[in-house]
Amino acid sequence: MAHPSQLGFQDAASPVMEELLHFHDHALMIVFLISTLVLYIIVAMVSTKLTNKYILDSQEIEIIWTILPAIILILIALPSLRILYLMDEINDPHLTIKAMGHQWYWSYEYTDYSDLAFDSYMIPTQDLAPGQFRLLETDHRMVVPVDSPIRILVSAEDVLHSWAVPSLGVKMDAVPGRLNQTAFILSRPGVFYGQCSEICGANHSFMPIVVEAVPLEHFENWSSLMLEDA
């Protein structure tokens, strides 16, 4: 969960998000080094009247400042491509959930069960219980087991939406008439919040996403109760 004056990302709750955080730190360090070098060169050029004729017209310098940026781009591109393929990898999911975007709420269908589906609406501010977050809490959470590959099928019924949970490293567009899929593995129990990340209309900011990760035994008990209520 994000907190006031937070400068970095939320704590990772999935292996993919951990990889994204490592890549962010890797790329940011390269940016800092480049910025420091450029700042030093600017200060050195402004603060001295001396010039070096061998640097002003040097083939070696031109070769270095052509090859060095190419090497830096490779150092950024290779781990980026690796994470890109990891995010697209879906191997033998234990559970498949279809998330359908509506104006303005989400509906979830557990396709591995015969009749387990529900709508998830934001809880109005006046109905919030103590400790619940304004504009983020829903009346029905998407409950999933930890340490299990989860596949999410994302689509929309009316306009463009986007199913996004930052701490899971998941963001998938919900397009009417198209079925997109993504996957994640929750590495720890907890409650993780997200929101629709596509400007979908007047109440765009009022369709939050709440993912509750629980042990497998608790998930089985929850699914049994939901099926009985249905």
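About the criteria used
- Residues numbered from 1 in each chain as written.
- Predicted model: local features only at pLDDT ≥ 70, side-chain atom pairs only at ≥ 80, totals over all residues.
- Heavy atoms only, no water.
- Phe/Tyr/Trp six-rings, centres within 6.5 Å; stacked < 30°, edge-to-face > 60°.
- Buried < 20%, exposed > 50% of the residue type's maximum accessible area, 1.4 Å probe, protein only.
- UniProt positions renumbered as here; feature names shortened; annotations may be inferred.
- Helix = DSSP H or I, 4+ residues; strand = E, 2+ residues; numbered from the N terminus.
- 1 Å grid on protein atoms, 1.4 Å probe; cavity = no way out; pocket = protein on both sides within 12 Å on 5 of 7 lines; lining within 4 Å.
- Points joined across faces, edges and corners; volume = space filled by probe spheres on them.
- Nonpolar A, V, L, I, M, F, W, Y, C, P; charged D, E, K, R; others polar.
- Domains from an automatic or database assignment.
- Buried area = accessible area lost by both parts, 1.4 Å probe.
- Salt bridge = Lys/Arg side-chain N within 4 Å of Asp/Glu carboxyl O.

Caption draft 1: Main features of the packing of aromatic side chains. Using the criterion set out here, one finds ten aromatic pairs in the structure. Ring geometry for Tyr110 versus Phe118: centroids 6.0 Å apart, planes at 35 degrees, classification tilted. Classification of Tyr110 by relative accessible area gives buried; the value is 0%. Phe118 gets classed as buried once you look at its relative accessible area, which sits at 9%.

Caption draft 2: Seen up close, the UniProt feature "transmembrane region" (unreviewed entry) in the chain. Within the UniProt annotation, "transmembrane region" (unreviewed entry) is assigned to residues 27-51 and 63-85. Taken end to end, residues 63-85 has its terminal C-alpha atoms 33 Å apart, with 100% of it in helix and 0% in strand.

Caption draft 3: Structural context of the layout of surface pockets. Estimated volume of the largest pocket: approximately 810 Å³. As for the largest pocket, its lining consists of 21 residues, of which Ile41, Met45, Ile55, Ile61 and Trp65 are closest to the centre. Every element with two or more residues in the lining of the largest pocket is listed here: helix H1 (15-47), helix H2 (53-56) and helix H3 (59-88). When its residues are assigned to classes, the lining of the largest pocket shows 18 nonpolar, three polar and no charged. The calculated volume of the second largest pocket comes to roughly 320 Å³.

Caption draft 4: Molecular detail of the domain arrangement of the chain. With domains assigned, the chain is organised as domain 1 (13-86) and domain 2 (93-227). The distance between the C-alpha centroids of domain 1 and domain 2 comes to 39 Å. Summed over both sides, the interface between domain 1 and domain 2 buries roughly 560 Å², with carbon and sulfur atoms accounting for 55% of that surface. For domain 1, the biggest contributors to the area lost against domain 2 are Ala13, Ser14 and Met17; these three give 74% of the whole. Summed over the shared surface of domain 1 and domain 2, the result is zero salt bridges.

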